[in-house]
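Take a look at the letters that make up each chain.
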Amino acid sequence: MKKSVIAISVAAAISTPAWAGFVNGNFETGTITGWDAGGGNANVSSRTAVATSALQPADWLPGGAHYNAANSNSAAISAGTIDPTVGALLGTTVYSGNFSYRVENTTNGGYASAIGQKVTNYTDTDIFFAWKAVLQNGGHVAEQSAAMVLTLHDDTTGLDVVKRTYNADSGGGGVDARFSTAGGIFYTANWQIEQITIDATLSGHDFTMSVLAADCSPAGHFGYVYLDGFGAVTPPPVDGTVPEPASLALLGLGLAGLGASRRSKSKGA
C-alpha cells in the first residue's frame, strides 16, 4: 500500500472522533462498551478439554458452550503499560490513543477468553484493526498449546474475510514470520495491522470481529492477545510510526465465496 494512502487514512483518523460503524473500537472509554466478551476463572471457561483445532471464539461468547459472563481474565490496558512477560521486547501495548484491550490474562491456568462485536450494513470503504500476541511455548504439541484465533467474519456470505490462527507448538510450526521468540515465548514485536478493503461485492454486508486467546490445555502455559484500533480508518499509533498493513483483502471476496483475492504484508518483511 502506498504511503500517501496511509497518510490520508491517518489524517482521517485524527479528524474523526468516532470509528464509523463500530462501537468503542479503540477502547478509549477504558471499557468494552459495545462488545460481547466472555471467559474467566470458572470451570465453564476451562480450555483444558478443547483441542487447538477446535477453538472457536463463539464458544466463549454469549450463547457459547464455554461462555462465562465474568470475563475476569481480560482487561483494558492503558498506554505506557509494559508487557509483564516479555517486557520492552513487545514494544507498546496500546496501538492508538490511551487504551487497548487484552484478551485473556498474562498467567497460566488453562482458561480461554474471547471478545467480539458485530456491525450491520457496513458501507465504509475499509476495515482496520491492530493486534499483538504472546504465546508461551510449553513443549506441547500444537493441539495442546497456548493459542489464539482471530476472525473477521462476513455474516452475510458466511465466509471469513480474515482468519489468524496461531499456537505455541514446540516445533515452531504454529507461528509464522510475524513472531519472534524469547525464553520459550512466541510474540509479535510489531503491531499487526489488518486492512480489509470493502468493495462493491462486500458493501452493505454484516461483519463480526472476534478474538480468542487460550492457555495451553494442560493449564501450565499462557496465551493472550492485545487488540486495538478497530474501525473504518487506521488510527494514528502512539509511537508515531505509520506501519504497513499486515494484510490487505482486495477485490472479489464476495464472488461465489471462493474468488477471494488477498495481499499480505508484514512490517519489515
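Notes on the structure in this doc start here. (Residues numbered from 1 in each chain as written. Predicted model: local features only at pLDDT ≥ 70, side-chain atom pairs only at ≥ 80, totals over all residues. Heavy atoms only, no water.)

## So, the layout of surface pockets
Moving on, step 1. Of the volumes computed, that of the largest pocket is approximately 260 Å³.
Moving on, step 2. Together, 15 residues line the largest pocket, and Pro-57, Ala-58, Leu-61, Thr-208 and Ser-210 are the ones closest to its centre.
Moving on, step 3. Taken together, the elements giving at least two residues each to the lining of the largest pocket come down to β4 (112–122), β6 (147–154), β7 (159–167) and β11 (205–214).
Moving on, step 4. Per-element tally for the lining of the largest pocket: the top contributor is β4, with 3 residues.
Moving on, step 5. Residues of the lining of the largest pocket, tallied by class, amount to 4 nonpolar, 7 polar and 4 charged. (1 Å grid on protein atoms, 1.4 Å probe; cavity = no way out; pocket = protein on both sides within 12 Å on 5 of 7 lines; lining within 4 Å. Points joined across faces, edges and corners; volume = space filled by probe spheres on them. Helix = DSSP H or I, 4+ residues; strand = E, 2+ residues; numbered from the N terminus. Nonpolar A, V, L, I, M, F, W, Y, C, P; charged D, E, K, R; others polar.)

## With respect to the pairing of β7
Moving on, step 1. Pairing of β6 with β7, which is carried by 8 bridges, proceeds in the antiparallel orientation. For Met-148, the partnering residue across the bridge sits in β7 and is Tyr-166.
Moving on, step 2. Taking the residues that link successive antiparallel strands as the turn, the β6-β7 hairpin has 4 residues, and the phi of Gly-158 there is positive, at about 80°. (Pairing = 2+ DSSP bridges.)

## A look at the environment of Val-149
Moving on, step 1. One can find Val-149 in strand β6.
Moving on, step 2. In this structure, the C-alpha to C-alpha distance between Val-149 and Thr-52, residues 97 residues apart in sequence, is 9.3 Å.
Moving on, step 3. In this view, Val-149 contacts Leu-55, Pro-57, Lys-163, Arg-164, Thr-165, Ser-210, Val-211 and Leu-212; residues no more than four positions away in its chain are not counted. (Contact = heavy atoms within 4.5 Å.)

## Here's the deal with unusual backbone geometry
Moving on, step 1. One non-glycine residue, Phe-27, lies in the positive phi region at around 55°.
Moving on, step 2. When you line up the elements, Phe-27 lands in the loop between α1 (3–15) and β1 (36–39).
Moving on, step 3. Located in the positive-phi region is Ala-219, a residue other than glycine, with phi close to 90°.
Moving on, step 4. With respect to the helices and strands, Ala-219 occurs in the loop between β11 and β12 (223–231).

## So, the packing of aromatic side chains
Moving on, step 1. A full pass over the atoms with the stated rule returns 12 aromatic pairs.
Moving on, step 2. On the basis of an interplanar angle of 40° and a centroid distance of 5.3 Å, the ring pair of Phe-22 and Tyr-122 is categorised as tilted. Of this pair, Phe-22 sits in the loop between α1 and β1 while Tyr-122 sits in strand β4, placing them 100 residues apart in sequence. One exposure class covers both Phe-22 and Tyr-122, and it is buried.
Moving on, step 3. Grouping aromatic residues by their ring pairs yields a cluster made of Phe-22, Phe-27, Trp-35, Tyr-101, Tyr-122, Phe-129, Phe-207 and Phe-230. (Phe/Tyr/Trp six-rings, centres within 6.5 Å; stacked < 30°, edge-to-face > 60°. Buried < 20%, exposed > 50% of the residue type's maximum accessible area, 1.4 Å probe, protein only.)

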